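So the chains spell out like this:
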Amino acid sequence: MKPGVSSPLSSAAKSGYTQAKFARTFPSIGDTLPRALLASYAARIQKPDLRLSQGEPLNASRLRIEILSGLTVALALVPEAVAFAFVAGVHPLVGLYAAFMVGLITALIGGRPGMISGATGALAVVMVALVAEHGVEYLFATVILMGLLQIFAGVMHWGKFIRLVPHPVMLGFVNGLAIVIFLAQLTQFKVPGSVTTSGHTAVAGDWLSGLPLYMMLGLVGLTMLIIWGTPKVTKLVPAPLAGIGIVAVLVIAFGIDVPTVGDMASISGGLPAFHLPFGSGVGIYAPALLAPFTLETLWIILPYAVILAAIGLIESLLTLNLVGEMTGRRGGASQECIAQGVSNVTTGFFGGMGGCAMIGQSMINVKSGGRTRIAGIAAALFLLAFIVVASPLIERIPLAALVGVMFMVVIGTFAWNSLKILRRVPRMDAFVILLVTIVTVLEDLAVAVVVGVIVSALAYAWNAAARIHAVTREEDGAKVYDVEGPLFFGSSEGFIELFDVQGDPDRVVIEFARSRVVDQSALQAIEAVALKYEAAGKRIQLRHLSRDCHDLLTKAGHLMVDSDDDPDYEIAVDYSVRTGILGGH
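Notes on the structure in this doc start here.

Basis of the calculations
- Residues numbered from 1 in each chain as written.
- Predicted model: local features only at pLDDT ≥ 70, side-chain atom pairs only at ≥ 80, totals over all residues.
- Heavy atoms only, no water.
- Helix = DSSP H or I, 4+ residues; strand = E, 2+ residues; numbered from the N terminus.
- Contact = heavy atoms within 4.5 Å.
- Areas by Shrake-Rupley, 256 points an atom, 1.4 Å probe, with all protein chains shown as cover.
- Patch = residues over 30% accessible without salt bridge, like charges linked within 9 Å, V, L, I, M, F, W, Y side chains within 5 Å.
- Salt bridge = Lys/Arg side-chain N within 4 Å of Asp/Glu carboxyl O.
- Buried < 20%, exposed > 50% of the residue type's maximum accessible area, 1.4 Å probe, protein only.
- Phe/Tyr/Trp six-rings, centres within 6.5 Å; stacked < 30°, edge-to-face > 60°.
- Axes fitted to C-alpha atoms, helices over the stretch in contact; angles between N-to-C directions.
- Parallel < 35°, antiparallel > 145°, perpendicular 65-115°, else oblique.
- Left-handed = near helix turned anticlockwise from the far one by under 90°.
- Nonpolar A, V, L, I, M, F, W, Y, C, P; charged D, E, K, R; others polar.
- Core = buried A, V, L, I, M, F, W, Y, C linked by side-chain atoms within 4.5 Å.
- Expected span 1.5 Å × (residues − 1).

### Section: the overall build of the protein chain
Moving on, step 1. In terms of regular secondary structure, the protein chain is built from 24 helices and 9 strands.
Moving on, step 2. The contacts in the protein chain between residues at least 6 apart in sequence include a share of 77% that link residues at least 24 apart.
Moving on, step 3. Of the roughly 26800 Å² that the protein chain leaves accessible, carbon and sulfur atoms contribute 64%.

Set out below in structure tokens:
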């Protein structure tokens, strides 16, 4: 065994799941499967980190901060959940129940303490077509399937692929999301209903104007000023909560006529009830029909479930990384995938629209001092209390206060430093930052991240392909090509062009000490070069193959001589190349 490489058994011991324990837990399986296979499965199982906090002492001061932070987040969640329910075309309680259940479950078992999850706009825009065409019960069934897919992704440890997201894509994601949050708040400057303001009737959907607009802008500015100044005076109360509380008291005390949460929709309701979206008859939100439990239903909901699962995981894992950078603590990507899946399966059975991590509310929580699971749990429980018992009070909160909080989130979320470094970083990285930002605003987060990763990967492949070159020298009558740079699909053509078949002697050696054979295109290129020399009555040999290159070429059948020494560079073996394997010309 190579130094530094741990065995499956040692990994299992580290995670607390040994082969013996696994066999005791599942004796029937242990009787039928090889013990080595059981050990390998046990080694992949990681014990989830369900601590309330990571290094934070849970004293009275910490509990106060966490609970107040949770209250602040809950207040900001209400209009967001209602607005996203409207976007998806469902009842406001569908969004509120999702915010409660997804927020509570991910707070309890999610991959990062302090993250906030709930109903999001990125998912709502995908749901609207399904709801319009088939009804809300099909949405509930889709959310359940979406959750199952996310659980599967977590079990398979697919969350680790978030590491492939480059930093420029992260910057573009953050900037684009800040712009999206800002644009979403502008809808609060529209008349929420047919209400009488300043002596005339305003039509729902019209932009505010005149005195109502000035009052709205003034209260937004006051909220932002309070949030900015509160930390300079006291840290006993989270600044966003202070802004919401003071502005709400002023509006209620002086009877200021501005849009409130209640003008959007009533949030009054009961506890979410268990409900099967499959069957026949009328659904939970009449007159929606239940989705029949048939294969036809599966083919209807499957495409939506796959898209929703992908969007939800991408946004959640990116938020996981962003919050981790802010708090200086790592999170469990696979654990977060499973938590998101469990929460969505649950909310699908309780009449919720599903959800994922919310970067805006997560930023509010972090900026308010929330660092443990308590803040997320408190936020979910406060939200449920708002729905069940405190709706008359919450509906009187002015939207201007909540808009002011979100505007401060925008200011804190946007990576202002990225504007300064655009001229200092490579042009391609600057292009990726701008591209991801623009696509995030015009399309959605998932599309933007995928586009950014693809563009970054292609740019890297192009740069790597340009590095392939060779230095030639003479050795015992043979010409040696010292190849430098990776040999893969992007550099295979350049590799073929390195050789002077007609001018070279009868024997040519290709030195791979500074190169790597990566993929099938590389194998094809080697065979193409060998065929050219073979046609000219000459032969080539390969030298100093790395272990992975040796295995790759041996598996393909190109090596006519096998040696276990050369890959470790103990001796120099010149391998003859067998042609006709891949049909290269």
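### Here we look at a nonpolar patch on the surface
Moving on, step 1. Where nonpolar side chains cluster on the molecular surface, the patch consists of Phe-152, Val-155, Met-156, Trp-158, Phe-161 and Leu-164 and spans about 610 Å² of accessible area.
Moving on, step 2. Tracing the sequence through the fold places Trp-158 in the loop between helix H8 (136-155) and helix H9 (167-185).
Moving on, step 3. Taking relative accessible area as the criterion, Trp-158 reaches 43% and is therefore assigned partly exposed.

### Structural notes on the side chain of Ser-456
Moving on, step 1. Residue placement: Ser-456 occurs in helix H21 (residues 445-465).
Moving on, step 2. Sequence-distant contacts of Ser-456, that is, excluding residues within four places in its chain, are made with Pro-166, Val-169 and Val-432.

### Side note on the packing of aromatic side chains
Moving on, step 1. Scanning all chains against the criterion turns up 11 aromatic pairs.
Moving on, step 2. An angle of 80° between the planes, with centres 5.2 Å apart, marks the rings of Phe-278 and Phe-293 as edge-to-face. Here Phe-278, found in the loop between helix H12 (261-264) and helix H13 (295-327), pairs with Phe-293, found in the loop between H12 and H13; they are 15 residues apart in sequence, far enough to count as distant.
Moving on, step 3. For Phe-293, a relative accessible area of 69% corresponds to the exposed category.
Moving on, step 4. Ring centres 6.3 Å apart and planes at 85° place the aromatic pair Phe-499 and Tyr-533 in the edge-to-face group. Taken together, the residues span a long stretch of sequence, with Phe-499 in the loop between helix H22 (492-496) and strand E7 (507-517) and Tyr-533 in helix H23 (residues 520-535) at a distance of 34 residues. Tyr-533 carries the same exposure label as Phe-499, and that label is buried.

### Considerations on the packing of helix H10 (residues 210-233) against helix H11 (residues 239-254)
Moving on, step 1. Two elements in contact, H10 and H11, have axes separated by 8 Å at closest approach and are oriented at 140°. Looking at the two axes, H10 sits oblique to H11. Judged by the twist between their axes, the crossing of H10 over H11 is right-handed. Contacts between H10 and H11 involve Leu-219, Leu-222, Thr-223, Ile-226, Ile-227, Thr-230 and Pro-231 from the former and Ala-239, Pro-240, Ala-242, Gly-243, Ile-246, Val-247, Leu-250 and Val-251 from the latter.
Moving on, step 2. For the contact of H10 with H11, the per-class residue count stands at 12 nonpolar, 3 polar and no charged.

### Let's talk about unusual backbone geometry
Most peptide bonds adopt trans geometry, and most residues besides glycine take a negative phi value.
Moving on, step 1. Although it is not a glycine, His-157 adopts a positive phi angle of roughly 60°.
Moving on, step 2. Along the polypeptide, His-157 turns up in the loop between H8 and H9.
Moving on, step 3. Taking the relative accessible area as the measure of exposure, His-157 reaches 18% and is therefore buried.
Moving on, step 4. Despite not being glycine, Asp-476 shows a phi value in the positive range, around 55°.
Moving on, step 5. Inspection of the secondary structure puts Asp-476 in the loop between strand E5 (469-475) and strand E6 (478-487).

### A few points about the side chain of Thr-142
Moving on, step 1. As for its placement among the helices and strands, Thr-142 is situated in helix H8.
Moving on, step 2. The exposure class assigned to Thr-142 is buried, which follows from its relative accessible area of 0%.
Moving on, step 3. Sequence-distant contacts of Thr-142, defined by excluding residues within four places in its chain, comprise Leu-130, Ile-301, Tyr-304, Ala-305 and Leu-308.

### Some words on the nonpolar core
Moving on, step 1. With 122 residues, the main nonpolar core has Val-90, Leu-139, Phe-173, Met-353 and Phe-386 as its most contacted residues.
Moving on, step 2. Among the elements that take part in this core, H13 stands out by supplying 13 residues, more than any other.
Moving on, step 3. Beyond its immediate stretch of four places on either side in the chain, Phe-173 contacts Leu-318, Ile-359, Val-436, Thr-440, Leu-445 and Val-449.
Moving on, step 4. Residues Val-483, Phe-499, Val-517 and Tyr-533 belong to the second largest nonpolar core, which totals 26 residues.

### Considerations on helix H14 (residues 333-349)
Moving on, step 1. With 17 residues, H14 extends 25 Å from end C-alpha to end C-alpha; this agrees with the ideal 24 Å at 1.5 Å per step.
Moving on, step 2. In terms of burial, H14 is largely enclosed, as 13 of its 17 residues are buried.
Moving on, step 3. Positive backbone phi, approximately 75°, marks Gly-351, located one or two places after H14.

### Notes on the environment of Leu-250
Moving on, step 1. Of note, Leu-250 is situated in helix H11.
Moving on, step 2. Of the residues examined, Leu-250 reaches a relative accessible area of 29% and is grouped as partly exposed.
Moving on, step 3. Note: C-alpha distance between Leu-250 and Leu-219 (31 residues apart in sequence) is 9.5 Å.

### Things to note about the pattern of salt bridges
Moving on, step 1. With the rule as written, the count across this model stands at 5 salt bridges.
Moving on, step 2. Of the charged contacts, one joins Glu-475 and Arg-473 as a salt bridge, the two residues approaching to 3.0 Å between their closest N and O atoms.
Moving on, step 3. Residue classification places Glu-475 among the partly exposed positions, given a relative accessible area of 22%.
Moving on, step 4. For Arg-473, a relative accessible area of 34% puts it in the partly exposed group.
Moving on, step 5. The salt bridge involving Arg-543 is made with Glu-475; its shortest N-O contact spans 2.9 Å. Separated by 68 residues along the polypeptide, Arg-543 in strand E8 (residues 539-543) and Glu-475 in strand E5 bring together distant segments of the chain.

### Topic: the packing of helix H5 (residues 60-88) against helix H18 (residues 399-413)
Moving on, step 1. Where H5 contacts H18, the axes come no closer than 10 Å and their chain directions differ by 105°. With respect to their mutual orientation, H5 and H18 come out roughly perpendicular. Two secondary-structure elements touch here, H5 through Leu-75, Ala-76, Pro-79 and Glu-80 and H18 through Leu-399, Leu-402 and Met-406.
Moving on, step 2. Looking at the contact of H5 with H18 residue by residue, the class counts come to 6 nonpolar, no polar and 1 charged.

Honestly, that's just the spatial picture; any functional story needs more than this.
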